[in-house]
Structures are given as structure tokens and as C-alpha cells.
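Residues per chain, in single letters:
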Amino acid sequence: MYGKLRGDFDRVPWRKLVHNNIGVPKWNFIVFLAAHRRLMTKDRLRGLGYVEDVTCSLCNSEKETVDHLFFKCTYSSRVWTTMLQRQGIQRQPMMWANELEWAGKYYKGRSTTTELYKLVLAGTLYYIWQERNDRIFKGVQ
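This one's a predicted model, so the numbers in the text were calculated from it and none came from an experiment.

A. How the structure looks around the packing of helix H7 (residues 96–106) against helix H8 (residues 112–138). Their axes nearest at 12 Å, the elements H7 and H8 cross at an angle of 160°. With respect to each other, H7 and H8 are oriented roughly antiparallel. Between H7 and H8 lies a crossing whose hand is left-handed. Contact with H7, carried on its side by Trp96, Glu99, Trp102 and Ala103, involves Tyr117, Leu121 and Leu125 of H8 and no other residues of that element. Class assignment of the residues belonging to the contact of H7 with H8 gives a composition of 6 nonpolar, no polar and 1 charged.

Set out below in C-alpha cells:
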């Protein structure tokens, strides 16, 4: 009955990155919000009328969006490149949708490398978000 009331929905490729991740719950929550594009980045806050300046707090050069903040920003791009290399992944960071699609394709199951990638993804997103918030609210870099 529940299935009939709920209806049929396509499965999203990132569901196992969030729901089957053994990482810290607050890390997974940030991944969940980012996957739904619900993080309160400056471009979203401007759309709601809360801020005027939408410049990225990490690089001070472009508009702060989820894609820019986590992958295109010079600060986060260096972090991502290092984290990927430490896992033996030889590629450049991609945009958020592409990263989720790639992870869903190559990191399935419960192997050690899959679990490690999911932990690194969640942890890296969380700590980039934390650095962004520290710069905005505490003035600390």
C-alpha cells in the first residue's frame, strides 16, 4: 500500500553515497544537502534576499555555487586533486553532477576502496563547507 501511495520514482545515482556511507552523520548530511542542491550557498541566499555579495569566500573571484565552491574554486580544486591522488585516482575533479554520476558508476558495492572513496567524498565536502563557514562567520582562515 505504501508503494502505491508513494508512487514510482527513478533511483538517483548518488543514493548509496549518502545512505550507505559509514562516515560521520554530519558529513553525510552535507553530502545529502549538496546532492539535493539545498546547501545555503551565497547564490541561494541572494535568491532568498539575504545577501548581496555572492563572491566565493575561499577564492574571492567567482560566484559561490555548489559546483564552484566544491570543485571549480582554486582552494577546493587543490584539496580535491590531492584527495583523489591519495586514493590512486588519476583524474581532475569534475562538476558536482558529474562527480556523483562517476562515483555511482565506479564505486558500487561494499569493497574497501568503495567505502574509502565515500568517506573521502563526504569528509572533503564537509571540511570545505566548514572552512567556508569559518571564513564567513568567524573571520578565520
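Let's pick the thread back up.
B. Structural context of a nonpolar patch on the surface. Together, Met40, Leu48 and Tyr50 make up a nonpolar patch on the protein surface, roughly 340 Å² of accessible area in all. Mapped onto the elements of the fold, Met40 is located in the loop between helix H3 (25–35) and helix H4 (42–47).

C. Spotlight on the packing of aromatic side chains. As enumerated under the stated definition, the model contains 6 aromatic pairs in all. Here the aromatic rings of Phe70 and Trp129 are separated by 6.5 Å at their centres, their planes lie at 40°, and the arrangement is tilted. Placement of the pair is Phe70 in helix H5 (residues 66–72) and Trp129 in helix H8, with a sequence separation of 59 residues. Per residue, the accessibility class of Phe70 equals that of Trp129, and both read buried. Seen from their ring centres, Phe71 and Trp80 are 5.3 Å apart, and the 25° between their planes marks the pair as stacked. Of the two residues, Phe71 and Trp80, neither departs from the other in class, the shared state being buried. An aromatic cluster is built from Trp27, Tyr126 and Tyr127, whose rings are joined through pairwise contacts. The ring of Trp102 carries the charged tip of Arg91 above its face, separated from the ring centre by 3.9 Å. The ring of Tyr75 has Arg135 sitting right over it, with the charged end atom 5.1 Å from the ring centre.

D. Local environment of the pattern of salt bridges. Following the criterion strictly, the structure yields 6 salt bridges and no others. In this structure, Asp67 engages Arg37 in a salt bridge whose closest nitrogen and oxygen atoms are separated by 3.6 Å. You can see Asp67 sitting in helix H5 and its partner Arg37 sitting in the loop between H3 and H4, a full 30 residues away along the chain. Its salt-bridge partner being Glu99, residue Arg91 comes within 2.4 Å of it at the nearest N-O pair. Pair check on accessibility: Arg91 and Glu99 agree, each one buried.

E. Structural view of the environment of Ala97. By the element assignment, Ala97 lies in helix H7. Linking Ala97 and Ala34, residues 63 residues apart in sequence, is a C-alpha distance of 10.0 Å. Excluding residues within four positions of it along the chain, Ala97 makes contact with Arg37 and Asp67.

F. The arrangement of the nonpolar core in detail. Membership of the largest hydrophobic core comes to 33 residues, with the highest contact counts inside it found for Leu17, Leu39, Phe70, Trp80, Trp96, Tyr117 and Leu125. Where this core is concerned, the elements lending two or more residues are helix H2 (15–19), H3, H5, helix H6 (74–86), H7 and H8. Ranked by residue count, the leading element in this core is H8, at 7 residues. When near neighbours in sequence (up to four residues on either side) are disregarded, Phe70 contacts Ala34, Leu39, Ser76, Trp80, Leu125, Ile128 and Trp129.

Thresholds applied
Residues numbered from 1 in each chain as written. Predicted model: local features only at pLDDT ≥ 70, side-chain atom pairs only at ≥ 80, totals over all residues. Heavy atoms only, no water. Axes fitted to C-alpha atoms, helices over the stretch in contact; angles between N-to-C directions. Helix = DSSP H or I, 4+ residues; strand = E, 2+ residues; numbered from the N terminus. Parallel < 35°, antiparallel > 145°, perpendicular 65-115°, else oblique. Left-handed = near helix turned anticlockwise from the far one by under 90°. Contact = heavy atoms within 4.5 Å. Nonpolar A, V, L, I, M, F, W, Y, C, P; charged D, E, K, R; others polar. Patch = residues over 30% accessible without salt bridge, like charges linked within 9 Å, V, L, I, M, F, W, Y side chains within 5 Å. Areas by Shrake-Rupley, 256 points an atom, 1.4 Å probe, with all protein chains shown as cover. Salt bridge = Lys/Arg side-chain N within 4 Å of Asp/Glu carboxyl O. Phe/Tyr/Trp six-rings, centres within 6.5 Å; stacked < 30°, edge-to-face > 60°. Buried < 20%, exposed > 50% of the residue type's maximum accessible area, 1.4 Å probe, protein only. Lys NZ or Arg CZ within 6 Å of the ring centre and 35° of its normal. Core = buried A, V, L, I, M, F, W, Y, C linked by side-chain atoms within 4.5 Å.

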